[in-house]
Amino acid sequence: RLERLQRVVTKLQMESGLCEEQLNQADALLQADVRLLAAGKAAQRAAELERDLDKADGMIRLLFNDVQTLKDGRHPQGEQMYRRVYRLHERLVAIRTEYNLRLKSGAVPAAVPVVSTVTTTAAVPQRPRAELEEATLRYLQDLLAWVEDNQRRLAAAEWGMDLPTVEAQLGSHRGLHQSIEEFRAKIDRARADEVVGQRARAQCPLCPPQTSSKSRLRHLESLQSFVSAATKELLWLSEREEEEGTFDWSHHNPNMAAKKDSYS
């Protein structure tokens, strides 16, 4: 069983590397088209970029299946692999977000002066409204999926019973909480955008699980403080127990008087 799970880990490591390369390629295409828009020209790589994003999306879904296999098998690297794949998913959402907001909508960056409506239309062809609606819906679905996944993760989170476990959970959750805080900017950006704003504002569940995350972070810090202090006391008791267990309690022990003084 462990050999089978280790093969899954090796597969995850290799395929997550390939997925990262796929995302790097998609990001490079996106930035190239953004530079074209900034120069007042039409985007050239949108179709290729969409294919790369769809391919990366499919790869990440398969990676999450492998991660679940590790978690079900209680493999020690399960959580580590989950965070690795999760970061890939976050990057996919970030690239797709920028694509939807800056290219799919045909938006012109704020730094580019708009000379006239005719010039803008010629430089950046406007997408049909139905296609814009589809892109908006897909973008919002990505955001909602991110929120729902983290809400499930927070609801199912466990509490450690010893200091190393609690400290590991605290470190892991601090990383998650930072991601949740950063996600707020994506929500605000979606609501501010003229294309997706109306639909984004209508989606109440889009608020990230900040309250739950802050609560767990606060409780983990409190638990870590308590368990750390309790561990020190337990270590002290263990040392005293060993000392008493190995002490020579016979009347011939010249240190008996010192022991009596210690007890008093």
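Note that the coordinates shown come from a computational prediction; the quantities given were computed from them, not determined experimentally.

Caption draft 1: Representation of the overall build of the chain. Helix and strand counts for the chain stand at nine helices and zero strands. Ordering the α and β elements of the chain from the N terminus gives α-α-α-α-α-α-α-α-α. Restricting to contacts in the chain with at least 6 residues of sequence separation, those with at least 24 account for 74%. By element, 53% of the accessible surface of the chain is carried by carbon and sulfur atoms, the whole surface being about 16,000 Å².

Caption draft 2: Layout of the confidence of the model for the chain. Averaged over every residue, the pLDDT of the chain is 77; the share at 70 or more is 77%. Confidence drops under a pLDDT of 50 for residues 107-128, and excluding neighbours within four residues, the segment shows 23 contacts in the predicted structure.

Caption draft 3: Quick look at helix α8 (residues 210-246). For α8, built from 37 residues, the straight-helix expectation of 54 Å at 1.5 Å per residue is met to within 8% by its first-to-last C-alpha distance of 53 Å. Every buried residue of α8 is listed here: Gln210, Ser213, Arg216, Leu217, Leu220, Val227 and Ser228.

Caption draft 4: Inspection of the pattern of salt bridges at higher detail. In the structure shown here, the tally under the stated rule is 14 salt bridges. With a closest N to O distance of 3.8 Å, Arg91 and Asp27 form a salt bridge. One end of the pair, Arg91, is in helix α3 (residues 78-104); the other, Asp27, is in helix α1 (residues 2-38), and 64 residues separate them in sequence. The partly exposed category is assigned to Asp27, whose relative accessible area is 22%. Linking Arg96 and Asp57 is a salt bridge whose minimum nitrogen-to-oxygen distance equals 3.7 Å. Taken together, the positions of Arg96 in helix α3 and Asp57 in helix α2 (residues 46-72) put the pair 39 residues apart, joining distant regions of the chain.

Caption draft 5: Region of interest: the packing of α1 against α2. Put simply, α1 and α2 touch, their axes get as near as 9 Å, and they point 160° apart. For the element pair α1 / α2, the angle class is roughly antiparallel. Note that α1 runs across α2; the crossing there is left-handed.

Caption draft 6: A look at the layout of surface pockets. Size it by volume and the largest pocket reaches roughly 1,500 Å³. If you trace the largest pocket, you find 41 residues lining it, with Val67, Lys71, Glu79, Tyr82 and Arg153 closest to the centre. Of all the elements in the fold, those that place two or more residues in the lining of the largest pocket are α2, α3, α5 (129-156) and α6 (163-192). In terms of residues, the lining of the largest pocket owes the most to one element, α5, which gives eleven residues.

Rules used throughout
- Residues numbered from 1 in each chain as written.
- Predicted model: local features only at pLDDT ≥ 70, side-chain atom pairs only at ≥ 80, totals over all residues.
- Heavy atoms only, no water.
- Helix = DSSP H or I, 4+ residues; strand = E, 2+ residues; numbered from the N terminus.
- Contact = heavy atoms within 4.5 Å.
- Areas by Shrake-Rupley, 256 points an atom, 1.4 Å probe, with all protein chains shown as cover.
- pLDDT = per-residue confidence, 0-100.
- Expected span 1.5 Å × (residues − 1).
- Buried < 20%, exposed > 50% of the residue type's maximum accessible area, 1.4 Å probe, protein only.
- Salt bridge = Lys/Arg side-chain N within 4 Å of Asp/Glu carboxyl O.
- Axes fitted to C-alpha atoms, helices over the stretch in contact; angles between N-to-C directions.
- Parallel < 35°, antiparallel > 145°, perpendicular 65-115°, else oblique.
- Left-handed = near helix turned anticlockwise from the far one by under 90°.
- 1 Å grid on protein atoms, 1.4 Å probe; cavity = no way out; pocket = protein on both sides within 12 Å on 5 of 7 lines; lining within 4 Å.
- Points joined across faces, edges and corners; volume = space filled by probe spheres on them.

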